[in-house]
Amino acid sequence: MTAPIKRISLALQGGGAHGAFTWGVLDQLLEDGRLGFDSISGTSAGAMNAVALADGWLAGGRDGARTQLEAFWRAMSRDGALGAGQRAVLDRFLGSAPMTGVGEFWMGLFRQSASPYDFNPLNINPLKDFLEREIDFARVRACKQFRLHIAATNVESGKVRIFDAPELTADHLMASACLPTVFQAVEIDGQSYWDGGYMGNPALYPLFYGTGSNDVLLVQINPIERKGTPKTPRDIQNRLNEITFNATLLRELRAIDFVARLIDEGKLSAQDYKRVLMHRIALSEALTDIDASTKLSARWDFFVRLKNAGRAAARKWLAAHYEDIGVRPSIDLRAEYG
């Protein structure tokens, strides 16, 4: 007997090259076919995965989504057919050191001691050309099958801004992935934006209302806990980045747990407040030898390793928790994030 299709929302965390793990999770969920998607919220690499999935889905359903995700990550890899300038920019997005042989301009582009307004005053960014070539944004803007929510951080207000499918362009994805030490802020409608991970990695609240499902599956790239105190400048910076990019997620997860407890205690009405059922598939639980330094790799074989780990983690999660969907959360938020 065929299992019924259950509806769920997806929350896709950013994490540079480690976003290939999310590609694998999505690939397995699409192949399995027992889940339908109500909404997808993504930040940075999570936003890229979300938009690639939507683009492919609209072109050819589940199989089209799988094909487009693979094509996108192939193009992102060092084995993809990119020019030196595009490769250098994508290396920085993925967390890699600049490649040799790119030329003095691109080497200067990534000197961290200077502002991107100093070393790139013309704001040349081949990432935009790459995204416009790989993604049909007109098709994505017409998406009705599920909602898309892409997070960026407003530079002046410090607040998260959520961009939805009908307005999405390459600029919105660039804003969601805009590291301010590497790229100039992305201007949209007269406002400047930086990486969405500072204020929502990913943003969960757009998934709470306007959807038919109470279930949210978080694909978590950055570990919450990492044993040991970092001692080298690189390790210290890597851990600071993990803590920074997890901070708003932790606050939202604690708020979900708080509201659920008040509903369970009868202090809040279940008709006025939504009891969100949280689920999680985490990179740190699938590959224990993956740390922040591996974001330096943009090799296709590394992406495939992450993809395969994501597929295996998704299969394991489906086997253990498919029956929980629509009934109960599969993670204890108080124990995990309290």
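Residues numbered from 1 in each chain as written. Predicted model: local features only at pLDDT ≥ 70, side-chain atom pairs only at ≥ 80, totals over all residues. Heavy atoms only, no water.

Quick look at the overall build of the protein chain
Link 1 in the chain: When you go through the protein chain residue by residue, the secondary structure sums to 12 helices and eight strands.
Link 2 in the chain: Taking all 338 residues of the protein chain together, the buried fraction comes to 55%.
Link 3 in the chain: Carbon and sulfur atoms make up 51% of the accessible area of the protein chain, which amounts to about 14700 Å² in all. (Helix = DSSP H or I, 4+ residues; strand = E, 2+ residues; numbered from the N terminus. Buried < 20%, exposed > 50% of the residue type's maximum accessible area, 1.4 Å probe, protein only. Areas by Shrake-Rupley, 256 points an atom, 1.4 Å probe, with all protein chains shown as cover.)

Focus: helix α6 (residues 126-134)
Link 1 in the chain: Of the residues making up α6, those classed as buried are Pro126, Leu127, Phe130, Leu131 and Glu134. Buried residues of α6, viewed axially, fall in a sector of 140 degrees; they line one side. (Arc of directions from axis to C-beta.)

Here we look at the confidence of the model for the protein chain
Link 1 in the chain: Averaged over all residues, the pLDDT of the protein chain equals 86, while 86% of them reach at least 70.
Link 2 in the chain: Here residues 95-112 is a poorly scored stretch, pLDDT under 50, and it has 42 contacts once near neighbours within four places are set aside; other chains count. (pLDDT = per-residue confidence, 0-100. Contact = heavy atoms within 4.5 Å.)

Description of the pattern of salt bridges
Link 1 in the chain: Enumeration over the complete set of coordinates arrives at 22 salt bridges.
Link 2 in the chain: Here Glu242 and Arg239 are joined by a salt bridge, their closest N and O atoms 2.8 Å apart. Of this pair, Glu242 and Arg239 both sit in helix α9 (residues 233-264), three residues apart, which is roughly one turn of the helix. Each member of the pair, Glu242 together with Arg239, is buried.
Link 3 in the chain: Among the ionic pairs, Arg275 bridges to Asp264, the shortest N-O distance being 2.9 Å. Taken as a pair, Arg275 in the loop between α9 and β8 (277-282) and Asp264 in helix α9 lie far apart in primary sequence, 11 residues in all.
Link 4 in the chain: Here Asp264 falls in the exposed class, since its relative accessible area comes to 53%. (Salt bridge = Lys/Arg side-chain N within 4 Å of Asp/Glu carboxyl O.)

With respect to the side chain of Gln68
Link 1 in the chain: Inspection of the secondary structure puts Gln68 in helix α2 (residues 45-76).
Link 2 in the chain: Once you skip the residues sitting within four places of it in the chain, Gln68 turns out to touch Ala52, Asp55, Gly56, Glu134 and Ile135.

Digging into the packing of α2 against helix α11 (residues 300-321)
Link 1 in the chain: Across the interface, α2 lies against α11 with an axial gap of 9 Å and an inter-helix angle of 145 degrees. Judged by the twist between their axes, the crossing of α2 over α11 is right-handed. Contacts between α2 and α11 involve Arg66, Glu70, Trp73, Arg74 and Met76 from the first element and Trp300, Phe303, Lys307 and Arg311 from the second.
Link 2 in the chain: Among the residues forming the contact of α2 with α11, the class breakdown is four nonpolar, no polar and five charged. (Axes fitted to C-alpha atoms, helices over the stretch in contact; angles between N-to-C directions. Left-handed = near helix turned anticlockwise from the far one by under 90°. Nonpolar A, V, L, I, M, F, W, Y, C, P; charged D, E, K, R; others polar.)

Quick notes on the pairing of strand β2 (residues 35-42)
Link 1 in the chain: Counting buried positions over the eight residues of β2 gives eight, a clear majority of the element.
Link 2 in the chain: Note: strand β1 (residues 6-12) against β2, six bridges, orientation parallel. Bridging from a neighbouring strand, Lys6 pairs with Leu35 of β2.
Link 3 in the chain: At this point the chain moves from β1, through helix α1 (residues 19-32), to the parallel β2, and the crossover so formed is right-handed. (Pairing = 2+ DSSP bridges. Right-handed = clockwise from strand over helix to strand, strands pointing away.)

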